[in-house]
Every structure is written in structure tokens, then in C-alpha cells.
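The lines below spell out each chain.
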2 protein chains.
Amino acid sequence: MKREIPPRRANRLLNAGCVVFVTAQNGGRSNFMPAAWVSPVSHEPPLCCVAVAPKRFTHDLIASSGCFGLAVPGLDLIEKVRRAGDISGADLSDKFAEIGLTAVSGSKLGVPRIEECLANLECRVVNTLTTGDHTLFIGRVVAAEADPRAFDETWLLPADRSLRPVHHLGGEWFAVLEGRLHVPKMVG
Amino acid sequence: MKREIPPRRANRLLNAGCVVFVTAQNGGRSNFMPAAWVSPVSHEPPLCCVAVAPKRFTHDLIASSGCFGLAVPGLDLIEKVRRAGDISGADLSDKFAEIGLTAVSGSKLGVPRIEECLANLECRVVNTLTTGDHTLFIGRVVAAEADPRAFDETWLLPADRSLRPVHHLGGEWFAVLEGRLHVPKMVG
């Protein structure tokens, strides 16, 4: 069971730079794709950005609906992350079913949340910018949820690596974070 | 000794979401600050973005010079990352000296590179966007370098953790990536 996260704290879900699934839906079609180019960009209001190539089917669903979801997969979903990047949902009736993931309609914006993921965010597009060969969607986080075994204020990085997010080094190389390091503020 | 990285491959330095020092200089003043909100946003041309709060001294140096540097610290610099975020260079004659880091003028744009860091990028601002309480600077990567013990096509994540980048979970919590995981493309 996931727990709701206040949108103003949801930046912590993205702060360490993990891979996400970007989800979107419009007019009865829905889709998702993996992305590493995602970051928080504002505390108040809570905003994040994600870069999506225009050729992606998900790109058109975001552009037409004005909304997107971000779902954070754990290490147990790494093969699905890989495969989801290699096939296009444009030619499939249901990419979620094809990959073996469960889409649930988000409570705030209706964008797909992914049941098997560690966390989900729902975002409303507030700005769109062309950045070279990608489109940068700036979204306001309006809802978020996370698995409390994996996240409480920050990612907990427990011994069970299926409860840790995944990071994409590039090409065929990925990694997960080791345990948390506490680095207290120094006085003076 | 660092090795030059072609700008089109420099996105691999940022892809996994590590913490950077953002550097800038103008009119004889130079400064730097840690940032986690950074991401590649285009392959061709090679672009990246970084979100900087307007109250930061580094913000004004970037805005006035139209250039910034990104330097990637290893785990051995974690205390300096923490301290650099807590003090402002506006009141210091030389924040690099105050923190104990060595600034070297970048070969392409003159933005400060940091000698002790694992990698450096030099970026020219091509677009600026206000995103809530931050300014999002979009920069074109015009030069990059990395320590070959730490990076070769991707971060290598060797046993020596001082050669691994640092990730900010939020607040006082940080982490480094474990070793690399190879996840080959699946056929069919």
C-alpha cells in the first residue's frame, strides 16, 4: 500500500536523479516510456521538468492532454525499464499490458499511475520549451504517493534492492544507490 | 590528470543524477554552489539544464556572464558539498579558497573548473526560464573533461568511493551508487 506524499515534499522522490516512467493518456489512449532526464525545478510551487523526444508517442499524449505522470520503478523492474524504452506504444493497443505493468487512473488528473512502482506523481503542464532535439515539459506536482517501505521523507535504500530506485549511467549500464549517508550541517 | 570528453558524450556525466557544483565568474568575481537539480535535456545540440534560486550569488554571475560550469565532486568532497551550500560567496573574496577547492579557468569559456572534482563541463546559456522560485538555465555544453579512473563512456563506480559521484536524497541525506549493472537490450 502506498502513502500520500504532500506535493511540496515530492521533490525528494526525484532529487537523487533516478529513472522514471513518464505516463500520459488522452482520448482513450494511454502510454508510458522510461526517462532519465527529469528533475525538480521549484519548491514553491512544486514543479519538475522532464525532457521527452518529439518522436515519442508519450510526447503527443502529454502535449494534447496537458498532463503527465511520473512513476519510479524499483530494481526488480529493471528489465521492464529496458524493454519499455525499446518498443513504441503507438503500434500497441496497450503498452502497459505488453510490458506487464498495471495502470491505475490517477486520483487528481487521471494520468496513469503504475501499481508496481515505488512512487507515483501526477503533474499538470505549466510550461513547454523546445530544448534542442527534446521538448522540456515543466509540470506542477498536484499529487504524489510512495511505498512507505521505500520512502519516508527521503528514499530509505533498504537492504531489499527491489525497494530502491534505479539510476541510468548510460547505454546498457545502470546502478542503484548504496545505503544512506548522514552528513549533518556544520556550524561555523 | 583529466581527459577531454566530446560534448555530445558529456550527458553521460549527468545522466545518473549526481550532485554538481555550479560555477560562474564575471567582472573579476567568481563563485560556486552545490546543486542537485540538473539534467541533460538534448543530445544534438548537447544541452543541459540547472535550476538556481535567484537569491544565490552564483545566479547573478550566470545571468550577467551567460556562462556556467558544472563540476562533479566525488565522495571525498562530501563535507565541502555540504558547507558550500551553507555559505554565500557574496560576502567572501574567494569562496573557492574558503571551502578549500582549486579553481582553474576553463579552456573554452573561462568559467571556473574545479581541480579536485571528478569531471568538469563548460556551458553557454542558450535559454533562461523562470520556473517558480528558481531560474532554469539551459546551457550548451561546449567542453567537458573527466578523470579516466572515474569515467569512461559512463561512470565506472570503482571500489574507491572517492571516485564515485554523490547523490543528494534530501536534507542531510546523501548516497553513492553501488557498482555498475549491465542490462543488455532484449531482442523481440
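Conventions we followed
- Residues numbered from 1 in each chain as written.
- Chains lettered and ligands numbered in written order.
- Predicted model: local features only at pLDDT ≥ 70, side-chain atom pairs only at ≥ 80, totals over all residues.
- Heavy atoms only, no water.
- Helix = DSSP H or I, 4+ residues; strand = E, 2+ residues; numbered from the N terminus.
- Rg over C-alpha atoms; globule rule 2.2 N^0.38 Å.
- Buried < 20%, exposed > 50% of the residue type's maximum accessible area, 1.4 Å probe, protein only.
- Contact = heavy atoms within 4.5 Å.
- Areas by Shrake-Rupley, 256 points an atom, 1.4 Å probe, with all protein chains shown as cover.
- Lys, Arg positive; Asp, Glu negative; His and termini not counted.
- Charge placed at Lys NZ, Arg CZ, Asp CG, Glu CD.
- Pairing = 2+ DSSP bridges.
- Buried area = accessible area lost by both parts, 1.4 Å probe.
- Salt bridge = Lys/Arg side-chain N within 4 Å of Asp/Glu carboxyl O.
- Nonpolar A, V, L, I, M, F, W, Y, C, P; charged D, E, K, R; others polar.
- pLDDT = per-residue confidence, 0-100.
- Least-squares fit on C-alpha atoms with pLDDT ≥ 70 in both.

Asks: So what's going on with the overall build of chain A? Which residues, and what values?
Replies: Looking only at helices and strands, one finds three helices and 15 strands in chain A. Taken over the C-alpha trace, chain A has a radius of gyration of 16 Å; the compact-globule value for 188 residues is 16 Å, and the two agree within 12%. By principal-axis analysis of the C-alpha atoms, chain A measures approximately 55 × 35 × 35 Å. With 188 residues in all, chain A has 58% of them scored as buried. Put simply, of all contacts in chain A between residues at least 6 apart along the chain, 64% involve residues at least 24 apart. Summed over its atoms, the accessible surface of chain A is roughly 7,200 Å², and 49% of this surface lies on carbon and sulfur atoms. Counting 21 positive and 20 negative side-chain charges, chain A places the centres of these two groups 5 Å from one another.

Asks: Let's hear about the sheet that holds strand β14 (residues 173-175) of chain B: which residues, and what values?
Replies: Read from one edge of the open sheet, three strands run β15(A)-β14(B)-β13(B), paired in antiparallel fashion. Of all the strands in the sheet, the pair left with one neighbour each is β15 (181-182) of chain A together with β13 (167-170) of chain B. With two bridges joining them, β15(A) and β14(B) adopt antiparallel strand pairing. If you follow H182(A) over to β14(B), its bridge partner there is W173(B).

Asks: Help me get a handle on the interface of chain B and chain A, residues and values and all.
Replies: You'll often see interface size given as the accessible area lost when the parts meet. Tallying the contact residues gives 58 residues for chain B and 58 residues for chain A. Summed over both sides, the interface between chain B and chain A buries roughly 5,300 Å², with carbon and sulfur atoms accounting for 59% of that surface. Of the charged contacts in the structure, one is a salt bridge between R164(A) and E178(B), with a shortest N-O distance of 2.9 Å. Class assignment of the residues belonging to the side of chain B that touches chain A gives a composition of 27 nonpolar, 18 polar and 13 charged.

Asks: Let's hear about the pairing of strand β4 (residues 38-42) of chain A: which residues, and what values?
Replies: Residue and element names in this part refer to chain A. When you tally the buried positions in β4, you get five out of five residues, the bulk of the element. Bridge count between β4 and strand β5 (residues 47-52): four bridges; the pairing is antiparallel. Following the sheet pairing, P40 is matched in β5 by C48. Counting the residues that bridge the hairpin from β4 to β5 gives four residues.

Asks: Which residues make up the environment of E98(A), and what are the values?
Replies: Residue and element names in this part refer to chain A. On the secondary structure map, E98 appears in helix α3 (residues 95-99). Distance from E98 to A24, taken between C-alpha atoms, is 16 Å for residues 74 residues apart in sequence. For E98, the residues in contact, after removing those within four places along its chain, are R83, I87 and L92.

Asks: Describe the confidence of the model for chain A, with residues and values.
Replies: Here chain A averages 96 in pLDDT, and 98% of its residues register 70 or above. The ipTM value of the predicted complex is 0.97, and its pTM value is 0.97.

Asks: Explain the relation of the copies chain B and chain A residue by residue, including any values.
Replies: Each copy superposes on the other: chain B lies on chain A with an RMSD of 0.0 Å after a rotation of 180 degrees and an axial shift of 0.0 Å. Seen this way, the second copy is the image of the first under a two-fold rotation axis.

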